[in-house]
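For reference, the chains in residue letters:
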Amino acid sequence: MSQNTFKKKLKAGNAPKSGPGKTLFTWIEEKLDVKGILGEGVPVQLVPPVGFLVLLALIYIYSNHRTENMTRKIEKAQQEVEDLRADVTTLEAEYMQSSMQSEVAKRVAKLDIYELNQPPIKIEVEK
């Protein structure tokens, strides 16, 4: 018969490593020095709620950023519309001024074309 054997207890420093690579939590602990803040490590049960809150905060920040950009674009467009409306009003006034009979007569006087002082005569042709 063989004897019963038992495994020797491992010392704290000789603990076996689980898996070939590092997990997400070990990477977080190494990079952020979480042990100084949380003590032993990241409590896994708090990760989903904290992650959800972070996601909500990111959505809130993105929404505010997009709203401010849209507000700036709207204000810029409104200013352009006001400028164009003023330009149209000015051009309409100039057009109305330049299409008056006295203004047209002044411009065509340079070409030796003058206004008729007599009413037009109707010419009738017999058939």
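Just so you know, these numbers come straight off a predicted model, no measurement behind them.

1. Regarding the overall build of the chain
Check the secondary structure of the chain and you find four helices and zero strands. For the chain, the N- to C-terminal ordering of α and β elements is α-α-α-α. Burial status across the chain gives 2% buried among its 127 residues. Just so you have it, the chain exposes about 13,100 Å², and 61% of that area is on carbon and sulfur atoms.

2. Some words on a nonpolar patch on the surface
Judged by side-chain polarity, L46, V50, V54, L58, Y60 and I61 come together as a nonpolar surface patch covering roughly 620 Å² of accessible area. Among the structural elements, I61 can be located in helix α3 (residues 47-98).

3. Some points on unusual backbone geometry
Positive phi values are uncommon outside glycine, yet D112 reaches one of about 60°. You can see D112 is positioned in the segment after α4 (101-109).

4. Observations regarding the pattern of salt bridges
Overall, the coordinates contain two salt bridges when judged by the stated rule. For E103, the salt bridge identified is with K106, shortest N-O distance 3.6 Å. Residue E103 and its partner K106 are located together in helix α4, separated by three residues, close to a single helical turn.

5. Section: a negative patch on the surface
Taken together, the side chains of E80, E82, D83 and D87 define an acidic patch exposed on the protein surface. Summarising the element assignment, D83 is placed in helix α3. The exposure class assigned to D83 is partly exposed, which follows from its relative accessible area of 41%.

6. Quick notes on the confidence of the model for the chain
Taken over all residues, the pLDDT of the chain has a mean of 83, while the share at 70 or more is 78%. Mean pLDDT values over the elements of the chain span from 66, in helix α2 (residues 34-38), up to 96, in α3.

7. Overview of the environment of E115
One can find E115 in the segment after α4. Taking the C-alpha atoms as reference points, E115 and S102, separated by 13 residues in sequence, lie 9.7 Å from one another. Once residues within four sequence positions are removed from consideration, E115 is found in contact with Q101 and A105. In this structure the side chain of E115 is engaged in a polar contact, spanning 2.5 Å, whose partner is the side chain of Q101.

Conventions used here
- Residues numbered from 1 in each chain as written.
- Predicted model: local features only at pLDDT ≥ 70, side-chain atom pairs only at ≥ 80, totals over all residues.
- Heavy atoms only, no water.
- Helix = DSSP H or I, 4+ residues; strand = E, 2+ residues; numbered from the N terminus.
- Buried < 20%, exposed > 50% of the residue type's maximum accessible area, 1.4 Å probe, protein only.
- Areas by Shrake-Rupley, 256 points an atom, 1.4 Å probe, with all protein chains shown as cover.
- Patch = residues over 30% accessible without salt bridge, like charges linked within 9 Å, V, L, I, M, F, W, Y side chains within 5 Å.
- Salt bridge = Lys/Arg side-chain N within 4 Å of Asp/Glu carboxyl O.
- Lys, Arg positive; Asp, Glu negative; His and termini not counted.
- Charge placed at Lys NZ, Arg CZ, Asp CG, Glu CD.
- pLDDT = per-residue confidence, 0-100.
- Contact = heavy atoms within 4.5 Å.
- Polar contact = N/O pair within 3.5 Å; in protein donor to acceptor, adjacent residues only side chain to side chain.

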